[in-house]
Amino acid sequence: EMEAKYTKKMQALRNELDLRRKTEIHEVEEKKSSQMNELMRNHEKAFSDIREYYNDITLKNLALISLLKEQVEEMKKREINLEKEKAEVLLQNKQLREPLQQAREQVSELQKKLASYDRDKEALTNTKAHLKVAQKELKDLRWEHEVLEQRFGKVQAERDQLYRKFTRAIAEVQQKTGFKNLLLERKLSGLRSVLEKKEAELSEVFAASNLDPCALSVVSRRLEDLVDCKNATIEDLQLQLARVCKAHNDMLETFEAKLTAFGIPLDNLGFKPLASPLPGQ
């Protein structure tokens with residue numbers, strides 16, 4: 001009974017488990033079918049996307065290839081043009097070598113000049129400073145020149161005035177000196193003639209009178225004293241004449257020195273000053 005009972009239970013459990021298994025299998029198959037359908041839909045969608053993606057890539061690649069072909073053609077053309085330009089540049093380079101050498105030499109010279117530029121600039125600065133100083137000195141000298149010109153005008157006026165006064169004074173002094181010299185010479189000549197007459201008369205008196213030697217000696221001494229007095233007078237007059245002549249000549253020398261100092265030639269006087277000879281010359 002227990003065996004039958006447990007067999008019956010076992011059969012019921014087996015049936016229940018078979019039913020559950022079948023149900024689960026059915027559920028699993030349905031899930032599997034739904035998953036497979038989902039996967040197929042996903043795969044189809046992914047395939048469609050990949051196909052569209054690769055189609056786009058293919059189209060893009062074809063466009064890129066076409067563009068690259070055009071670029072390649074353009075690059076070939078540019079390469080040809082560049083080759084031509086290269087040949088032209090090489091030719092120009094060959095032609096420009098000599099000017100380049102000249103330019104390099106000029107650059108070397110300019111660098112040398114540039115090296116001396118600082119020294120020239122400093123010298124120019126010093127020269128400008130000296131120029132400012134020289135301009136200031138020139139301004140001062142011009143001012144001094146104007147002052148000196150004014151003073152020179154005054155000095156010229158004074159010189160002309162002195163020249164006129166001096167000319168009149170010389171004429172007057174020459175006239176007075178000449179007149180005085182003439183009077184003194186005439187007076188001296190008269191005294192000499194009087195002395196000669198007196199000596200002649202005295203000789204005649206001595207010859208006519210028979211005076212004793214003592215009286216003759218006294219008279220001779222008196223006559224000698226008189227002659228000495230007259231000689232002293234004559235020497236005094238000669239000395240006065242020499243002083244007047246020397247003063248006249250000194251005045252002429254001073255006048256000539258003044259004219260030379262003022263820059264007036266002696267020929268501008270209109271006459272030649274007469275120098276008085278000293279007595280005995």
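Residues numbered from 1 in each chain as written. Predicted model: local features only at pLDDT ≥ 70, side-chain atom pairs only at ≥ 80, totals over all residues. Heavy atoms only, no water.

Time to look at the overall build of the protein chain. A tally of regular secondary structure across the protein chain gives 3 helices and 0 strands. Starting at the N terminus and walking to the C terminus, you meet the elements of the protein chain as α-α-α. Scored against the burial criterion, the 281 residues of the protein chain give a buried share of 8%. When contacts within the protein chain are restricted to residue pairs at least 6 apart in sequence, long-range pairs at least 24 apart make up 81% of them. Carbon and sulfur atoms make up 57% of the accessible area of the protein chain, which totals about 24,600 Å². (Helix = DSSP H or I, 4+ residues; strand = E, 2+ residues; numbered from the N terminus. Buried < 20%, exposed > 50% of the residue type's maximum accessible area, 1.4 Å probe, protein only. Contact = heavy atoms within 4.5 Å. Areas by Shrake-Rupley, 256 points an atom, 1.4 Å probe, with all protein chains shown as cover.)

As a further point, take a negative patch on the surface. On the surface, Glu 24, Glu 27, Glu 29 and Glu 30 cluster together to form a negatively charged patch. Among the structural elements, Glu 29 can be located in helix α1 (residues 2-115). The class for Glu 29 is partly exposed, based on a relative accessible area of 46%. (Patch = residues over 30% accessible without salt bridge, like charges linked within 9 Å, V, L, I, M, F, W, Y side chains within 5 Å. Salt bridge = Lys/Arg side-chain N within 4 Å of Asp/Glu carboxyl O. Lys, Arg positive; Asp, Glu negative; His and termini not counted. Charge placed at Lys NZ, Arg CZ, Asp CG, Glu CD.)

With that out of the way, let us pick up the pattern of salt bridges. One pass over the full model with this rule turns up 6 salt bridges. The closest approach of N and O atoms between Glu 16 and Arg 20, which form a salt bridge, is 3.5 Å. Here Glu 16 pairs with Arg 20, and both are found in helix α1, just 4 residues apart, close to one helical turn. Taking the relative accessible area as the measure of exposure, Glu 16 reaches 43% and is therefore partly exposed. Here Asp 49 and Lys 45 are joined by a salt bridge, their closest N and O atoms 3.2 Å apart.

This part is about a nonpolar patch on the surface. On the surface, Ile 50, Tyr 53 and Tyr 54 cluster together into a nonpolar patch covering about 340 Å² of accessible area. Relative to the elements of secondary structure, Tyr 53 occurs in helix α1.

For the rest of this paragraph, the subject is the packing of aromatic side chains. Aromatic ring pairs are reported here in terms of the distance separating the ring centres and the angle at which the planes meet. On inspection of all chains with the given rule, the structure shows 1 aromatic pair. Note on Tyr 53 and Tyr 54: the rings are 5.4 Å apart at their centroids and 75° apart in plane angle, and the pair reads as edge-to-face. (Phe/Tyr/Trp six-rings, centres within 6.5 Å; stacked < 30°, edge-to-face > 60°.)

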